[in-house]
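What follows is the residue order along each chain.
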Amino acid sequence: PAPGVWIWPLGRPATEPGWGNVTPIGITLARLARSQPPPAWDSPAYERERALFWIEQTKLDDDGRRIADKWAGDPGTVTPAGLWQEAALEILHKHKTQAEDAVAILAALNVAMHNSFIACWRDKFLYYTARPNQWVATFDKRWQPYLRTPRFPAYPSGHSTVSGAAATILTAFFPSESQTWDHMAKEASYSRIIAGIHWFMDGSGGLDLGERVARQVLEILQKP
């Protein structure tokens, strides 16, 4: 394969490769927000990405492992989307939100996360960006990421995309808590970098995509 292109694991299928063709809610797939294209593998921008990633791996400590574990979201866990659900339920309880309003907020949150996953997976299998472990294996075959590398391309990050969407929705309804949502989204995004399975650009690109998907949902809700 060409340098920088994601390689399917031998004998193992990619995870949900068709999820990017699922129908989004409230908008056509053609109009669903798209991520910005990643830089070329041999560009100075990607060279910086690789250098920054490798430097960050030297910083992995107990705090980094805690963040990675918190947001891991492997099968059998509450998942990253579930963590956002829990945060939403907590803030609804804190504000003693009426049931009708709570349902509307949770509906917006879940539509945005649903649509963001579709947008993310569509773009993952459009760009086929290599995972960090493929690059590291070219010069250090002993290195392993802290968490198991998922079986789908890197860019954009799913954790970042869904978190960018969720944070945008919750900020719209609870702006006084905007710093909390921003911190959660950035922590979720960083968790995948320090875990050794994403580039920084996967995180920033995902957060941006998720935000734009959520804004589309908010625009739909505002229509009469």
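About the thresholds
Residues numbered from 1 in each chain as written. Predicted model: local features only at pLDDT ≥ 70, side-chain atom pairs only at ≥ 80, totals over all residues. Heavy atoms only, no water. Helix = DSSP H or I, 4+ residues; strand = E, 2+ residues; numbered from the N terminus. Rg over C-alpha atoms; globule rule 2.2 N^0.38 Å. Buried < 20%, exposed > 50% of the residue type's maximum accessible area, 1.4 Å probe, protein only. Contact = heavy atoms within 4.5 Å. Areas by Shrake-Rupley, 256 points an atom, 1.4 Å probe, with all protein chains shown as cover. Lys, Arg positive; Asp, Glu negative; His and termini not counted. Charge placed at Lys NZ, Arg CZ, Asp CG, Glu CD. Axes fitted to C-alpha atoms, helices over the stretch in contact; angles between N-to-C directions. Parallel < 35°, antiparallel > 145°, perpendicular 65-115°, else oblique. Left-handed = near helix turned anticlockwise from the far one by under 90°. Salt bridge = Lys/Arg side-chain N within 4 Å of Asp/Glu carboxyl O.

**Considerations on the overall build of the protein chain**
Thinking step 1. Of the regular secondary structure elements, the protein chain holds eight helices and zero strands.
Thinking step 2. Ordered by position from the N terminus, the helices and strands of the protein chain form the series α-α-α-α-α-α-α-α.
Thinking step 3. Taken over C-alpha atoms, the radius of gyration comes to 18 Å for the protein chain, in line with the 17 Å a tight globule of 224 residues would show.
Thinking step 4. With the C-alpha coordinates aligned to their principal axes, the bounding extent of the protein chain is approximately 55 × 40 × 35 Å.
Thinking step 5. Relative to its 224 residues, the protein chain shows a buried fraction of 49%.
Thinking step 6. Restricting to contacts in the protein chain with at least 6 residues of sequence separation, those with at least 24 account for 86%.
Thinking step 7. Carbon together with sulfur atoms contributes 57% to the accessible area of the protein chain, which is approximately 11500 Å² in total.
Thinking step 8. Each charge class in the protein chain was averaged separately, 23 positive and 23 negative side chains, and the resulting centres sit 4 Å apart.

**Digging into the packing of helix 4 (residues 99–127) against helix 8 (residues 200–222)**
Thinking step 1. Between helix 4 and helix 8, whose axes approach to 9 Å, the crossing angle comes to 135°. Put simply, helix 4 runs oblique to helix 8. Between helix 4 and helix 8 lies a crossing whose hand is right-handed. The residues of helix 8 that touch helix 4, namely those facing Ala108, Val111, Ala112, Asn115, Ser116, Ala119, Cys120 and Asp123, are Leu209, Val213, Ala214, Val217 and Leu221.

**Topic: the pattern of salt bridges**
Thinking step 1. On inspection of all chains with the given rule, the structure shows eleven salt bridges.
Thinking step 2. Across the pair Lys186 and Asp182 runs a salt bridge, and its minimum N-O distance is 3.2 Å. In this pair, Lys186 and Asp182 both sit in helix 7 (residues 178–194), four residues apart, roughly one turn of the helix.
Thinking step 3. Taking the shortest distance from any N to any O, the salt bridge between Asp208 and Arg212 comes out at 3.1 Å. With Asp208 and Arg212 both in helix 8 and four residues apart, this pair spans about one turn of that helix.
Thinking step 4. Residue Asp208 is classed as partly exposed on the basis of its relative accessible area of 29%.
Thinking step 5. The partly exposed category is assigned to Arg212, whose relative accessible area is 26%.
Thinking step 6. Connected through salt bridges with shared partners, the residues Arg34, Arg122 and Asp123 form a single ionic network.

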